[in-house]
Amino acid sequence: MESLLSYQSVEVSFHGCAVTHDVSFTLHSGEILGIVGESGSGKSTLLKAAMGLLGNGGLVTKGDIWFKDVDLPDLSERDLRKIRGPQIGMIFQDAGASLCPIRTIGEQIYESMSAHMEITRTQARGKALTLFEKLQFKDGQRIWDSYPFELSGGMNQRAGIAIAMLMDPPVLLADEPTSALDVAVQRQVVEEMLRLRELYGTAIIVVTHDIGVVEAMADTVLVLKEGRIAEYGTAQQVLQQPQAAYTRSLLAAVPRLRRE
């Protein structure tokens, strides 16, 4: 399998203080990797490091993050913008908060797509409605025409997934994509991400504190504790025969959202 995204001994620091230490893993084409750990363990920081979204004071201070043959921390903001979206999509914990409240979903989709490619509004709408249908959204035209406040939190989150996938990126990073949702919508979001992999061969990293979501989705699992890798292996090995006491305690603490 082709290696798409590879973290090699990555240390991320904020204002000179390291919060992740010597983290290494590889995401392959079509693979779903679950990164799990308690709040504050550095899970989301690892995703933001790849996207250049660490904010003020955040830096990759050691190691490399390779996307194909490009070392992402070395890129300028201008070059990173060419990768964010078309090559690496991202779903945030609260997609509704990242949507503009005074513009329709359709307008935001068109703006996002036209920033990266020559496309008409009609073409963008057609592509969006096709994807909505593939993801089994019941009323794609209504979603296209709606403002975020007219949709439920769960529907905004699902729209966020669709927006992240509209340019067919080979890699999708999902940062706690189900944490603000009730169990029924959590299941829908998990099923939609699995469908994206099935339809497009998308490789996905899903960051979550919910072992149940990882159990329902992941091929490979990385367990993070206080910024360090506690365990890394196949989902079957990590979830059924965990080697680390920390992993065993996480597994004991969380209710399950099983694959059906």
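The preceding data block contains the structure.
Before going into details, it helps to say that this report is about the structure given with it.

About the cut-offs
Residues numbered from 1 in each chain as written. Predicted model: local features only at pLDDT ≥ 70, side-chain atom pairs only at ≥ 80, totals over all residues. Heavy atoms only, no water. Pairing = 2+ DSSP bridges. Helix = DSSP H or I, 4+ residues; strand = E, 2+ residues; numbered from the N terminus. Axes fitted to C-alpha atoms, helices over the stretch in contact; angles between N-to-C directions. Contact = heavy atoms within 4.5 Å. Core = buried A, V, L, I, M, F, W, Y, C linked by side-chain atoms within 4.5 Å. Buried < 20%, exposed > 50% of the residue type's maximum accessible area, 1.4 Å probe, protein only. Expected span 1.5 Å × (residues − 1). Arc of directions from axis to C-beta.

Focus on the sheet that holds strand β8 (residues 203-208)
Argument step 1. As summarised here, the arrangement of the six strands in space is β6-β7-β8-β3-β9-β10, forming an open sheet in which the pairing is mixed. Each edge of the open sheet carries a strand with a single partner, namely β6 (88-91) and β10 (228-234). Within the sheet, the average angular offset between the axes of one strand and its neighbour, ignoring direction, is 15°.
Argument step 2. Here four bridges tie β6 to strand β7 (residues 171-175), and the two strands are oriented parallel to one another. From the neighbouring strand, Gly 89 faces β7, where its bridge partner is Leu 172.
Argument step 3. Docked against the sheet, helix α7 (residues 153-165) engages β6 and β7, running at close to 170° with respect to β6.

Section: the nonpolar core
Argument step 1. Ile 109, Met 193 and Met 217 are the most contacted members of the largest nonpolar core, which totals 37 residues.
Argument step 2. For this core, the secondary-structure elements that each account for two or more residues are α4 (105-114), α5 (121-134), α6 (140-145), α7, β7, α8 (183-200), β8 and α9 (211-217).
Argument step 3. Counting residues in hydrophobic clusters, the runner-up holds 30 residues, among them Leu 46, Ile 83, Leu 173 and Leu 224.

Quick word on the side chain of Thr 104
Argument step 1. Mapped onto the elements of the fold, Thr 104 is located in the loop between α3 (95-98) and α4.
Argument step 2. Residue classification places Thr 104 among the buried positions, given a relative accessible area of 12%.
Argument step 3. Excluding residues that lie within four positions of it along the chain, Thr 104 makes contacts with Trp 144, Asp 145, Ser 146 and Tyr 147.

Examining the sheet that holds strand β4 (residues 58-67)
Argument step 1. If you walk across this open sheet you meet the four strands as β2-β1-β4-β5, and the pairing is antiparallel. Looking along the sheet, the strands with just one partner apiece sit at the ends: β2 (17-28) and β5 (70-71).
Argument step 2. Two elements, strand β1 (residues 3-14) and β2, share eight bridges in a ladder whose sense is antiparallel. Residue pairing in the sheet places Phe 14 in a bridge with Cys 17 of β2.
Argument step 3. Against the sheet, helix α1 (residues 43-51) contacts β1, β2 and β4, and its axis sits at roughly 110° relative to β1.

Some details on the side chain of Glu 176
Argument step 1. Relative to the helices and strands, Glu 176 is located in the loop between β7 and α8.
Argument step 2. A relative accessible area of 8% places Glu 176 in the buried class.
Argument step 3. Sequence-distant contacts of Glu 176, defined by excluding residues within four places in its chain, comprise Lys 43, Gln 93, Val 207, Thr 208 and His 209.

Examining α5
Argument step 1. End to end, α5 covers 20 Å across 14 residues, agreeing with the expected 20 Å (1.5 Å per residue, within 8%).
Argument step 2. When we look at burial in α5, the residues that qualify are Ala 124, Ala 128, Leu 131 and Phe 132. One side of α5 holds all its buried residues, which, seen down the axis, span an arc of 105°. Among the exposed residues of α5, those pointing more than 90 degrees away from its buried face are Thr 122 and Glu 133.
Argument step 3. Turning to α5, the residues buried within the fold contact α4, α6, α7 and α8.

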